[in-house]
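Topology and contacts: notes
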Amino acid sequence: MARKSYTEVTRKGFGKRLSESISGAIIGGIMFIGAFPLLWWNEGRAIGEYRALKEGAGAVVDVAADSVDAANDGKLVHVSGLVDGVPALDDTELGVTVDALALRRVVEMYQWKESRESKEQKKIGGGSETVTEYKYSTEWNDDAIDSSDFRHSGTHENPTEWPVRSDEFSAQKTMLGAFTLSESARGSVGTWKKLQSSSAQVFPKAFREFRQVGESTLYLGGDPVKPEVGDVRIRFEYQPEEVFSIVARQAGAELAEYVASNGRRVLLAESGEVPAATMFEGAQRRNTIFTWVLRGVGTLGMWFGLSMVFAPITRVLDILPMLGTIGSWGIGLVTGLISLLLSLLTVGLAWVFYRPLLGGTIIALVIALFFWSRSGKSVAVKSAHPPGPPPPPQPPLPPSAAPL
C-alpha cells in the first residue's frame, strides 16, 4: 500500500530570499500597472453594456414562435417556445440514442492526486525554513492526471491508457418553433442533466468489459463501492428539449445576435416563458454584479502587486523575524489603502471620460476623503503638543478703582 503523505524540509538563506523578493517586485510592478487599464476597460464595458441593454429594452418586439413574419426582419424580437434538436443524437461507439439538444459521454478514472501544503518559519539572520507536506489521495477525474510529475511518483502511478474517452455530440440543427437558432443563440440555451437509462432509446447493458451499475453508470473494475486506482466509470449527460425565451435579432428565419448602436452585442436566453422586460432586468443585474467583481479583481491585483514591490523591505527587516512580521503587516495596510484610493480615482476618471457628471462626483469624494484623512492627522499632531504656561497673575486694582 502506498504511503499517503511525505514531509520535506528546505532552507533558504537571506541572500536567496532577498533575490527572490526582488524578482517578485518586478512581477508585482507589472500587476500594479496592469490593474489600471483593467479598471478603466471595465467601466467602459459596463457603461456600454448598460446602454446597449437599455436600447434593446426599448426596441424589442414580441413575436409568436409558430411563424416567421418578414416585417420583423432585422428587428430585435422576443420569442418563447420549445427548443428542439434534429435529428436524434447517437453515441454510436457505446450505442446510446436520445432526442436532445446535446449529449455528452463523461468517462472518469479513479486516480491518484497530489496536493501539497507548505509552512514557512523565519529564522534570525533573514533565512527561513519551509516544511512541505505532500499528500496523496484518490479521486474520480475525467482528465488524465500525470503522475510522473508527482514529487513521489514511484508508489503513486496512474494508468496512461484509457479504454474510451469523453466526447460530446450536438444536434445538427436547433429550432425554436419556425425559427432556427444561430450558433451564438444555440450556445445560450441548454441545461445539462443526468441521463437515466429510461431516457435513452438504447442504453447498453455492457461495453467491452463494462457492466451497468444503477440507472446511469457503466463500470469497469472491481467493487464500485470500493474502487481501486485504474477503475473506470461512464455516465451520460444531456440537454433536454425544453421551453426557452430568447431575445435576438431576426435575420430571415434565424435568431442571431443584435448589434446596438454603440456596437455592443445583445442576445438573451432564459429557461421557461419569461417576459422580455424581466429578461432585460436580469441582464442589467448580471452586468452590475460582473462590474463589481472586476472592480474587486482590479483593486486586489493592484494591492498584491504593490505589496510585492515593497516585499524586499520586509526581507531586510526579516533579519529580526518579529520586526519583519510587523513590517509586513504595516506595508500591507499602507499598500491596501493606497490601492483603494487609486482604484477609486481610476474608476472616477473613467466615469469622467464616459459619464462626466457621475465621474466628477466620485473624484470629489476621493479628494474629500484624502483631505479628511490629512486633517485627522493634523488634529492628532496638534493635540500631541504640551500646553503652554499659564498666564501671569493680574495686579490688584487700586481702592479707587475697585467695583462697588
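Structural data are supplied above this passage.
Residues numbered from 1 in each chain as written. Predicted model: local features only at pLDDT ≥ 70, side-chain atom pairs only at ≥ 80, totals over all residues. Heavy atoms only, no water.

Here the focus is the packing of aromatic side chains. Aromatic rings considered in pairs are described by the distance between their centres and by the relative angle of their planes. Inspection of every chain in the model, using the stated rule, returns nine aromatic pairs. For the ring pair W40 and F353, a centre distance of 5.8 Å and an interplane angle of 45 degrees mean the geometry is tilted. Of the two residues, W40 sits in helix α1 (residues 14–59) while F353 sits in helix α5 (residues 321–354), which places them 313 residues apart along the sequence. Taking 5.1 Å as the distance between ring centres and 55 degrees as the angle between the ring planes, the aromatic pair formed by Y110 and W140 counts as tilted. Here Y110, found in strand β6 (residues 102–122), pairs with W140, found in strand β7 (residues 128–141); they are 30 residues apart in sequence, far enough to count as distant. Taking the relative accessible area as the measure of exposure, Y110 reaches 13% and is therefore buried. Taken together, the ring pairs in this structure connect Y6, Y136 and F150 into an aromatic cluster. (Phe/Tyr/Trp six-rings, centres within 6.5 Å; stacked < 30°, edge-to-face > 60°. Helix = DSSP H or I, 4+ residues; strand = E, 2+ residues; numbered from the N terminus. Buried < 20%, exposed > 50% of the residue type's maximum accessible area, 1.4 Å probe, protein only.)

Inspection of the secondary structure assignment puts Q250 in strand β15 (residues 242–251). Overall, the relative accessible area of 1% leaves Q250 in the buried class. In this structure, the C-alpha to C-alpha distance between Q250 and A70, residues 180 residues apart in sequence, is 8.9 Å.

With that settled, consider a nonpolar patch on the surface. Together, I27, M31, L300, W303 and F304 give the surface a local cluster of nonpolar side chains, amounting to about 450 Å² of exposed area. Mapped by element, the contributors of at least two residues to the nonpolar patch are α1 and α3 (276–309). With three residues, the top contributor of residues to the nonpolar patch is α3. Looking at the element boundaries, I27 is found in helix α1. (Patch = residues over 30% accessible without salt bridge, like charges linked within 9 Å, V, L, I, M, F, W, Y side chains within 5 Å. Areas by Shrake-Rupley, 256 points an atom, 1.4 Å probe, with all protein chains shown as cover. Salt bridge = Lys/Arg side-chain N within 4 Å of Asp/Glu carboxyl O.)

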